[in-house]
Amino acid sequence: KQIQSKELIEQNKKEKQAAIEEKAYFDNLTKVYNRNKFDEFLDQEIIRVKRYKNPLSIAILDIDKFKNFNDTYGHDMGDEVIKLVAREILKSCRELDTVGRYGGEEFSVLLPDTNLEFAYTVAEKISSYIEQKIYHSEKYGDLKCTISIGIASLNQNFNRVEDLFKDADNKLYTAKKNGREFTT
């Protein structure tokens, strides 16, 4: 009986630790990495890139006209769309890519060993997956969404994380301004 009790206590500790780690590393709504954990992966990848000189790209994705969507259909529907977009991003990425929710309706994708040209191909695939997905709502019928994407790669001009993000973010806003499409 005492052995069973110790095993139960140990199992309970492991379950609590797993729950703590999930809250610390994953976004509660989408179950993709949260911003802090994504940034840890990015920092590790930058170190690897500097050592081995491999290419590295990042994509920042934003759900188009999301505020209007939330205002029209409500926050519950908005949450469903955010979860749907997260799942579609995960489906369209490679196993070595890292997906994170960067805030609100914005996601980031870390693309190791990926030059700008291939990052563009990945962005097209992600965008296509999301545009083809139809979310059915009993109340509102079939709904679709689109995303805008900004892509940047480390190079001689961008060798710091801040520069990489700033470039991708600027390209994201250019994409949004130019008709809700992605730019490189």
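First, a word on scope: everything that follows refers to the structure included in this document. Worth saying up front: this structure is predicted, and the values here are computed from it rather than measured. (Residues numbered from 1 in each chain as written. Predicted model: local features only at pLDDT ≥ 70, side-chain atom pairs only at ≥ 80, totals over all residues. Heavy atoms only, no water.)

**Structural notes on the pairing of strand β3 (residues 106-112)**
This is how the line gets drawn: A simple rule labels every residue: compare its accessible area, found with a 1.4 Å probe on the protein chains alone, to the largest value its type can have, and call it buried under 20%, exposed over 50%, or partly exposed in between. The secondary structure listing takes helices from DSSP runs of H or I that are at least 4 residues long and strands from runs of E that are at least 2 residues long, numbered from the N terminus. Pairing between strands is defined by DSSP: at least two bridges between the two strands are required.
Among the seven residues in β3, seven count as buried, and that is most of the element. Judged by which residues are buried, β3 turns out to be covered on both faces: Glu106, Ser108, Leu110 and Pro112 on one side and Phe107, Val109 and Leu111 on the other are all buried. The pairing of strand β1 (residues 56-63) with β3 spans seven bridges and is antiparallel. When the sheet's bridge partners are listed, aspartate 62 is paired in β3 with glutamate 106. Strand direction decides the pairing type here: strand β2 (residues 98-103) and β3, joined by five bridges, are antiparallel. Pairing of glycine 103 across the sheet is with glutamate 106, part of β3. Between β2 and β3, which pair antiparallel and follow one another directly, the connecting turn spans two residues, one of which, glycine 104, has a positive phi of 50°.

**Here's the deal with helix α5 (residues 116-132)**
Test applied: Expected helix span is taken as 1.5 Å per residue step, with the number of steps being one fewer than the number of residues. Of all possible arcs, the one meant is that of the directions from the helix axis to the C-beta atoms. Should any heavy atoms of two residues lie within 4.5 Å, those residues are counted as being in contact. Within 3.5 Å is the distance limit for a polar contact, defined as a pair of N or O atoms, with the added protein rule that one can donate a hydrogen and the other accept it, and that residues adjacent in sequence qualify only through two side-chain atoms.
Between the first and last C-alpha of α5 there are 24 Å, a value that for 17 residues agrees with the 24 Å anticipated at 1.5 Å per step. Within the sequence span of α5, burial applies to Ala119, Val122, Ala123, Ile126, Ser127 and Ile130. For α5, the angular spread of buried residues about the axis comes to 135°, placing them on one side. Turned more than 90 degrees away from the buried face of α5, the exposed residues are Glu117 and Gln132. Contacts from the buried residues of α5 go to β1, α4 (75-92), β3 and β6 (147-153). One side-chain oxygen at the N-terminal end of α5 lies 3.2 Å from the backbone nitrogen of glutamate 117; it belongs to asparagine 115.

**A word on the sheet that holds β2**
Hydrogen bonds along the backbone pair up the strands of a sheet, which may run parallel or antiparallel. The following threshold applies: Inter-axis angles, ranging from 0 to 180 degrees, are taken between N-to-C directions of lines fitted to C-alpha atoms, where helices are fitted over the stretch in contact.
The four strands lie next to each other as β2-β3-β1-β6, forming an open sheet whose pairing is antiparallel. One side of each edge strand has no neighbouring strand; the edge strands of this open sheet are β2 and β6. Adjacent strand axes in the sheet meet at a mean angle of 20°, parallel and antiparallel pairs treated alike. Relative to β6, helix α6 (residues 161-177) is tilted by about 145°, and along the sheet it contacts β1, β2, β3 and β6.

**Overview of the packing of α4 against α5**
For the record, the criterion: These descriptions rest on fixed angle ranges, namely under 35 degrees for roughly parallel, over 145 for roughly antiparallel, 65 to 115 for roughly perpendicular, and the rest for oblique. Handedness of a helix crossing follows the sense of rotation of the near helix relative to the far helix, less than a right angle counterclockwise being left-handed and clockwise being right-handed. Amino acids outside the nonpolar list (Ala, Val, Leu, Ile, Met, Phe, Trp, Tyr, Cys, Pro) and the charged list (Asp, Glu, Lys, Arg) are all regarded as polar, and Gly is one of them.
Contact geometry for α4 and α5: axes closest at 9 Å, N-to-C directions at 140°. Viewed along their axes, α4 and α5 adopt a mutual orientation that is oblique. Here α4 and α5 pass one another in a crossing that is right-handed. Listed contacts from α5 to Val85, Glu88, Ile89, Lys91 and Ser92 of α4 are Lys125, Ile126, Tyr129 and Ile130. Its residues assigned to classes, the contact of α4 with α5 comprises five nonpolar, one polar and three charged.

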